[in-house]
Amino acid sequence: MVGFAGKSAVAGGVAFVALLGTPVPSAAVAEQCANPTGTYTAAVPWGQRLIDPARIWPLSRGTGQLVAVIGTGVDRSNGQFASGQLVGGQGTESDDCDGRGTIAAGIVGAQPDPSTTFVGIAPGAKILPIRYTQANGGGDPGQLASAIETALNRGAGIILIAVPAASDSPALGGAVSHAKEKGALIVSPAAGTQQGQTSYPTATPGVLAVGSTNQTGEAVQTESGSYVGISAPGAELVSTSAGAGGTVAHRWPVSDPSLAAAHVAGVAALVRAYHPDLSPEQVVARLTLTAHRGPSGGHDPRRGWGALDAYAAVSAAIPADTPGPGGPPSVGPDTYVVPAAAPARAGTDKVSGVLAIVGVATAIAAGVVVAAVRRGKRRGWRPSRFRAS
């Protein structure tokens, strides 16, 4: 298994750097740039089966969405990116020695190809690669803030933080606020694998923070907090590799908690393409309301409100002003929506989406009933008058 997070490692001739750990010397990086494991042809990867993007494509392929991938750059020479899909120009990077940015970008939007069973979540989306850190450097919050501003200036509606920073700064907080003002959704991973680590802007209010799970649904990362909103696959994954030289080539198995955020960013692109009028907050509410709850039905500090359910997130009939779980009511003091209950373990069958939709509908109905009961008590259970519009 190739491990990215929590330590520095050189495996299979590829240098991988700790997201929040010790840098690799620059000389080693120059000699050990990422290269492919091969072309993946085995069974459909488990993370892809869980998301099941082909089932969603009749509704949405992410067309019209620009997803910024902020991290180590993206190698546009991989043959599974479509011509023109990776947006170039000022502030972008067309190579990726480290490899993490290319892997994240592939999860978001790699094209279907007959030579492989791997495919990205939103192949209709365009990708804006922005490098703010190298394999021989950490994630500086000031440089990350500048990268977010570049993404906003280039018109990105979804900003994926492929490599978060280990510390915060006023500039980074300001960039998050600016993104909110411009209607851009920032998706950032809870990537810390050592006790007490916090990732930024993951922990910043207004950011969709993503926890990481393995195939059994267990949390991969150590980082935890009330800010974690949702969880997605982050272990034993397959994706596009840097160093492909024009071929369709992949890295596997890849385990990195940061890659969970790439799955959520890809699904967010599907959601925004299908529901173009939703604000970032409404997209987050839709994602978290339809997530598969854990056994407690409540919030988990490492897995958030549950496991990502992509089909339900796109297709569920949820009023746009419905608040997300744990949030304040949006209509008034008399109404609220109970978080949707769902199976304890995220399944891959087609029934899961229906269950999530039914759960959301039930939750909304419950909120209406609670509101009616409260109003009835205040009136002494006298019937109210309604005027036809």
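Residues numbered from 1 in each chain as written. Predicted model: local features only at pLDDT ≥ 70, side-chain atom pairs only at ≥ 80, totals over all residues. Heavy atoms only, no water.

A few points about helix α8 (residues 280-289)
Selection criterion: Each residue's exposure class comes from its accessible area (1.4 Å probe, protein chains only) as a fraction of the maximum for that residue type: buried when under 20%, exposed when over 50%, partly exposed otherwise. Counting from the N terminus, the helices are DSSP H or I runs at least four residues long and the strands are E runs at least two residues long.
Counting buried residues in α8 gives seven out of 10 residues, a clear majority hidden from the surface. Within the span of α8, buried status applies to P280, V283, A285, R286, L287, T288 and L289.

Quick look at the environment of T290
Note the threshold: Identification of polar contacts relies on pairs of N or O atoms within 3.5 Å, with a donor-acceptor requirement for protein atoms, meaning one able to donate a hydrogen and the other able to accept it, and with residues adjacent in sequence counted only if both atoms are side-chain atoms.
In this structure, T290 sits in the loop between α8 and α9 (310-315). Residues T290 and W305, spaced 15 residues apart in sequence, show a C-alpha to C-alpha distance of 9.1 Å. Reaching out from T290, the side chain makes a polar contact with the backbone oxygen of L287 at a distance of 3.4 Å.

With respect to the packing of helix α4 (residues 100-109) against helix α7 (residues 259-274)
Operational definition: Throughout, an axis means a line fitted to C-alpha atoms (over the contacting stretch in the case of helices), and angles, computed between N-to-C directions, take values from 0 to 180 degrees. Roughly parallel means an angle under 35 degrees; roughly antiparallel, over 145; roughly perpendicular, 65 to 115; everything else is oblique. Left-handed describes a crossing whose near helix is turned anticlockwise from the far helix through less than a right angle; right-handed describes the clockwise counterpart. Residue contacts are counted whenever heavy atoms from the two residues lie within 4.5 Å of one another. Amino acids outside the nonpolar list (Ala, Val, Leu, Ile, Met, Phe, Trp, Tyr, Cys, Pro) and the charged list (Asp, Glu, Lys, Arg) are all regarded as polar, and Gly is one of them.
Closest axis-to-axis distance for the α4/α7 pair is 8 Å, and the angle between their directions is 30 degrees. Put simply, α4 runs roughly parallel to α7. The two elements α4 and α7 cross, and the hand of that crossing is right-handed. Contacts between α4 and α7 involve I103, A104, I107 and V108 on the former and, on the latter, L259, A262, H263, A265 and G266. Classifying every residue of the contact of α4 with α7 gives seven nonpolar, two polar and no charged.

Topic: the packing of α7 against α8
Closest axis-to-axis distance for the α7/α8 pair is 11 Å, and the angle between their directions is 110 degrees. Judged by the angle between their axes, α7 and α8 are roughly perpendicular. The handedness of the crossing between α7 and α8 comes out as right-handed. In contact with V264, V267, A268, V271 and R272 of α7, α8 contributes P280, V283, R286 and L287. For the contact of α7 with α8, the residue count by class is seven nonpolar, no polar and two charged.

Structural notes on the state of the cysteines
The following threshold applies: When two cysteine sulfur atoms are found within 2.5 Å, that pair is recorded as a disulfide.
This model, assessed by the stated rule, comprises one disulfide. C33 shares a disulfide with C97; S-S distance 2.0 Å. Judged by the sign of its S-S torsion, about -100 degrees, the cystine formed by C33 and C97 is left-handed. Here C33, found in the loop between α1 (26-31) and α2 (46-51), pairs with C97, found in the loop between β4 (66-71) and α4; they are 64 residues apart in sequence, far enough to count as distant. Looking at C33, the relative accessible area reads 31%, which means it is partly exposed.

Thoughts on the confidence of the model for the protein
We count it as follows: pLDDT expresses, on a scale from 0 to 100, how confident the predictor is about each individual residue.
For the protein, per-residue confidence averages 81 on the pLDDT scale, and residues scoring 70 or more make up 75% of the total. Within the model, pLDDT remains below 50 along residues 1-30, and this stretch shows 89 contacts once partners closer than five positions in the same chain are excluded. The low-confidence segment residues 329-389, where pLDDT is below 50, has 71 contacts with residues more than four positions distant or belonging to other chains.

Focus: the environment of D168
Within the secondary structure, D168 sits in the loop between β6 (158-161) and α6 (170-181). Owing to a relative accessible area of 41%, D168 belongs among the partly exposed residues under this scheme. Separated by 36 residues in the primary sequence, D168 and T204 place their C-alpha atoms 8.6 Å from one another. In this view, D168 contacts P141, G173, Y200 and T204; residues no more than four positions away in its chain are not counted.

Some words on the pairing of β6
For the record, the criterion: Two strands qualify as a pair provided that DSSP identifies no fewer than 2 bridges between them. For a crossover, the right-handed case is the one in which the path from the first strand over the helix to the second runs clockwise, viewed with the strands pointing away from the viewer.
Of the two faces of β6, the one carrying I158 and L160 and the one carrying I159 and I161 are both buried. In terms of strand pairing, β4 meets β6 through four bridges, oriented parallel. The residue bridging I70 from the neighbouring strand is I161, located in β6. When β6 meets strand β7 (residues 185-189), the two strands line up parallel, connected through three bridges. Bridge pairing links I159 to I186 in β7. Handedness of the crossover joining β6 and β7 through α6: right-handed.

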